[in-house]
Amino acid sequence: MKRIICVCMAFLLLLTGCQSSQDTVEEETTNNTASMESFDDTYYNIVKFEDSELREDFYLDYGATSDFSSIGRGLQILSSQYFSTSDHYMSEGQYLKLALKQEMVKRESDYSLQPAAGTKIANVSDPTMVQQIQEQDFWEKSGDKYTLKGASFVIVLDPRDKNNARLKTQMDDQSILNYGYECSEKLYEIIQSHEDFEKLKNLPVLISIYQATDLTESTVDGNYILKTYCDGSYGNSEEVNFETVLFSSTRAEELDATTSNEFDIIKSNLKDAATEAAGLVGTARYQNGEIQSMVMEAHLNVKTATELMYLSSILANGVDTRFSSDFDIKVLIYSQDELQAIVIKDRGQDVKSYYLY
């Protein structure tokens with residue numbers, strides 16, 4: 001009888017242990033936090049735990065392109081629809097390890113996200129589709145403890161040939177999007193099955209697809225194309241309309257003729273006011289066809305501080321009065337390739353100018 005009781009107690013303890021393991025949530029403590037109060041409310045407060053194992057790998061791939069910032073910042077913007085910036089802290093990804101990421105981008109691997117050998121996509125045999133995967137994690141804070149509440153992932157599609165060399169003719173957008181649907185579902189299955197993601201299995205995750213910049217055609221055209229929010233099961237995928245546009249360009253005229261014309265007027269006024277050559281280029285970010293922000297770079301050849309202030313004021317006045325749409329604008333003003341001044345106009349605010357001296 002005594003032996004039976006002991007066995008029963010051991011069995012109950014085992015059941016209790018299993019239940020506790022299932023109910024356990026990831027909690028962390030750290031003093032390394034950064035308040036983003038000086039930014040607008042679309043930014044997360046940042047908490048630092050361990051550095052992501054993928055950071056160096058990602059930098060080597062995209063540190064020299066506009067995708068470096070578009071991928072990270074864009075994922076935050078998409079994530080804020082599901083993990084509010086007011087209630088959550090964000091950290092670098094803690095769960096996707098470098099070894100697993102490397103398996104995902106290999107063709108022959110149990111966890112591969114690449115097309116299987118023998119696959120043809122858009123007349124490319126055995127293409128290499130996936131170049132990178134990144135993760136961001138979201139936490140709620142109580143006292144000095146941070147509790148994990150979910151994560152976001154981005155799969156970067158950058159189609160190349162079977163030897164990972166760039167294609168002579170870029171793959172069409174629809175073929176890339178179609179593969180994004182497949183890839184997204186594969187990643188969700190990996191998150192649910194791989195031991196590295198044990199802490200994420202019962203939490204909501206956002207899986208997004210980013211189409212990398214086609215460097216044969218542009219320097220800024222990388223953009224998010226797909227997202228899937230999964231909470232308890234694989235969710236419904238939605239196409240995403242993010243776009244980065246160069247000013248001046250044919251695409252800018254097609255997408256937003258009014259803003260394109262207004263930019264051209266500001267550029268023309270700057271050139272007319274300058275004694276020597278002056279150039280102005282802009283990079284604007286659009287979401288669902290609506291402009292969100294623009295960064296301009298003015299390259300001048302000024303010889304006096306007075307001349308710098310004069311041309312900066314021409315730009316500031318143009319930014320403040322010319323654009324009919326209200327969006328965030330930053331103008332970086334260079335002379336002889338050194339940054340000399342900055343003009344900033346936040347949405348709904350007056351323009352401000354700053355001289356670096």
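Cut-off values and rules
Residues numbered from 1 in each chain as written. Predicted model: local features only at pLDDT ≥ 70, side-chain atom pairs only at ≥ 80, totals over all residues. Heavy atoms only, no water. Phe/Tyr/Trp six-rings, centres within 6.5 Å; stacked < 30°, edge-to-face > 60°. Helix = DSSP H or I, 4+ residues; strand = E, 2+ residues; numbered from the N terminus. Buried < 20%, exposed > 50% of the residue type's maximum accessible area, 1.4 Å probe, protein only. Pairing = 2+ DSSP bridges. Axes fitted to C-alpha atoms, helices over the stretch in contact; angles between N-to-C directions. Contact = heavy atoms within 4.5 Å. Polar contact = N/O pair within 3.5 Å; in protein donor to acceptor, adjacent residues only side chain to side chain. 1 Å grid on protein atoms, 1.4 Å probe; cavity = no way out; pocket = protein on both sides within 12 Å on 5 of 7 lines; lining within 4 Å. Points joined across faces, edges and corners; volume = space filled by probe spheres on them. Nonpolar A, V, L, I, M, F, W, Y, C, P; charged D, E, K, R; others polar. pLDDT = per-residue confidence, 0-100.

## Remarks on the packing of aromatic side chains
And then number 1: By the definition in use, this model includes 17 aromatic pairs.
And then number 2: For the ring pair Tyr89 and Tyr146, a centre distance of 5.2 Å and an interplane angle of 80 degrees mean the geometry is edge-to-face. Of this pair, Tyr89 sits in strand 4 (residues 89–92) while Tyr146 is found in strand 8 (residues 145–160), placing the two residues 57 residues apart along the sequence. The same class applies to Tyr89 and to Tyr146, which are both buried.
And then number 3: The structure contains a cluster of three or more aromatic residues connected by ring pairs, namely Tyr44, Tyr82, Phe83, Phe138 and Tyr229.

## A short note on the sheet that holds strand 15 (residues 328–335)
And then number 1: Strand order in the open sheet formed by six strands is 12-13-14-15-16-17, and the pairing between neighbours is mixed. Strands at the two margins of the open sheet, each flanked by one partner only, are strand 12 (242–247) and strand 17 (352–355). Averaged over all pairs of adjacent strands, the angle between strand axes in this sheet comes to 15 degrees, irrespective of strand direction.
And then number 2: Note that strand 14 (residues 290–300) and strand 15 share eight bridges and pair parallel. Within strand 15, the residue paired with Leu300 across the bridge is Ser335.
And then number 3: Sheet strands touched by helix 7 (residues 257–273): strand 12, strand 13 (279–287) and strand 14. Its angle to strand 13, the strand with the most contacts, is close to 160 degrees.

## Focus on the side chain of Gln94
And then number 1: Mapped onto the fold, Gln94 is located in the loop between strand 4 and helix 4 (98–105).
And then number 2: Looking at Gln94, its side chain comes within polar contact range of the main-chain oxygen of Glu50, at 2.8 Å.
And then number 3: In terms of polar contacts, Gln94 uses its side chain to reach the backbone carbonyl oxygen of Glu92, at 2.9 Å.
And then number 4: Residues within four places of Gln94 in sequence aside, it is in contact with Phe49, Glu50, Glu135, Asp137 and Trp139.

## Looking at the environment of Gly279
And then number 1: As for its position among the elements, Gly279 is in strand 13.
And then number 2: Using a relative accessible area of 25% as the deciding quantity, one classes Gly279 as partly exposed.
And then number 3: Once the C-alpha coordinates of Gly279 and Asp67 are considered, the two residues, 212 residues apart in sequence, prove to be 24 Å apart.

## A short note on empty space enclosed by the protein
And then number 1: Enumeration over the complete set of coordinates arrives at one cavity of 30 Å³ or more.
And then number 2: Taken as a whole, the largest cavity spans an internal volume of roughly 60 Å³.
And then number 3: Around the largest cavity, the lining residues are Asp158, Pro159, Arg166, Leu167, Gln170, Thr213, Asp214 and Thr216.
And then number 4: Residue composition of the lining of the largest cavity, grouped by class: two nonpolar, three polar and three charged.

## A word on the confidence of the model for the chain
And then number 1: Per-residue confidence for the chain gives a mean pLDDT of 91; residues scoring 70 or more make up 93%.
And then number 2: Predicted confidence in the chain is weakest over helix 1 (residues 2–23), with a mean pLDDT of 41, and strongest over strand 9 (residues 205–211), with 98.
And then number 3: Across residues 1–24, where pLDDT falls below 50, the model places two contacts with residues more than four positions away in sequence or in other chains.

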